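Chain by chain, the residues run as shown.
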Amino acid sequence: MRLYNITYFLREGISSIFSHRLMSFAAMSVITACLLLMGSFSLVAVNIDKVLEDVENKNEIVVFIDESYTGEQARALESEIVAVDEVESAVYMTKEQALENFKKDFGDDSGILEGLDERNPLRDRFTIKLHDIHATKRAAQALEGIEGVANVRARSDISDRIIQVRDVVTAICAVLILILALVSVFIISNTVNLTMFNRREEIAIMKMIGATNGFVRIPFVIEGLLIGIAGATLALFLQWAVYEYVVAAALSSISFMPNVSFGDSIGYILMMFYGVGILVGGVGSAITLHKFLKV
């Protein structure tokens, strides 16, 4: 394709946007609104996943060492513990350190624990983190088999519940986003179809004076692409404003609930917004225009 043809098509596509400002604005607004809804649902899903991931990270296994073991013997068990396939890390804690932490948890009421320093009832222990929360039961069984381990505290019921909640939330969010995406594509395609219908006479005139299908189609496709990109860009900035100043601000006021910054999700949001914008704007225009070319 010659350079002057490319320039002509670009000029015609841009000119058409301004010549039909109302319809162009309507199409861009619909694209922006639909992308905002999709983006909002996606960011909610990402934040829920972050909360569950944080809960997973705090779900630890505690391995209590036999009372007959000295501190050196207890520490020596670390190599056997970390050798278990499911174990990611193991942090040793003496019974004295455990008692100090216990006192801190009681705060002002720690006085009731006075006298326990001389007859400390606690045990040396290892706090275990796993590579995968799904392996909690298997890891607990392997750790119980190590000589010198008196007891293993592993809340497999909690880990199972976390896994169930995460799977259900992921499935629900995925279905909602898919449904919303399909509804958005339907609404946007109908908006594009309405735009083309209002310009059917213009298309018919171009065909009657000998313009080829390609010559008619390309400016409309370029126009659709530009509208789609403009709608995606506007949606991106609006989504950033809404998320950072409303959603993120609200979540940050709840100290125990982590939230994902918009910057952490920017790559995913960019691909989704511009992917849908270009697909609906450009490809949608080309497909919709096809039936109007039959003159």
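Provided above is the structure to which this section pertains.
Residues numbered from 1 in each chain as written. Predicted model: local features only at pLDDT ≥ 70, side-chain atom pairs only at ≥ 80, totals over all residues. Heavy atoms only, no water.

Some thoughts on the overall build of the protein
- In terms of helices and strands, the protein carries 10 helices and four strands.
- Put simply, the protein runs from its N terminus to its C terminus through helices and strands in the order α-α-β-α-α-β-α-β-α-β-α-α-α-α.
- A buried classification covers 37% of the 295 residues belonging to the protein.
- Of all intrachain contacts in the protein linking residues separated by at least 6 positions in sequence, the fraction that spans at least 24 positions is 82%.
- When the accessible surface of the protein is totalled, it reaches about 17200 Å², and 61% of it is carbon and sulfur. (Helix = DSSP H or I, 4+ residues; strand = E, 2+ residues; numbered from the N terminus. Buried < 20%, exposed > 50% of the residue type's maximum accessible area, 1.4 Å probe, protein only. Contact = heavy atoms within 4.5 Å. Areas by Shrake-Rupley, 256 points an atom, 1.4 Å probe, with all protein chains shown as cover.)

A look at helix α8 (residues 200-208)
- Within α8, burial applies to I203, A204 and M206. One side of α8 carries all its buried residues, which in axial view fall inside an arc of 160°. Turned more than 90 degrees away from the buried face of α8, the exposed residues are E201, I205 and M208.
- Looking one or two places after α8, you find G210, whose phi comes out positive at around 100°. (Arc of directions from axis to C-beta.)

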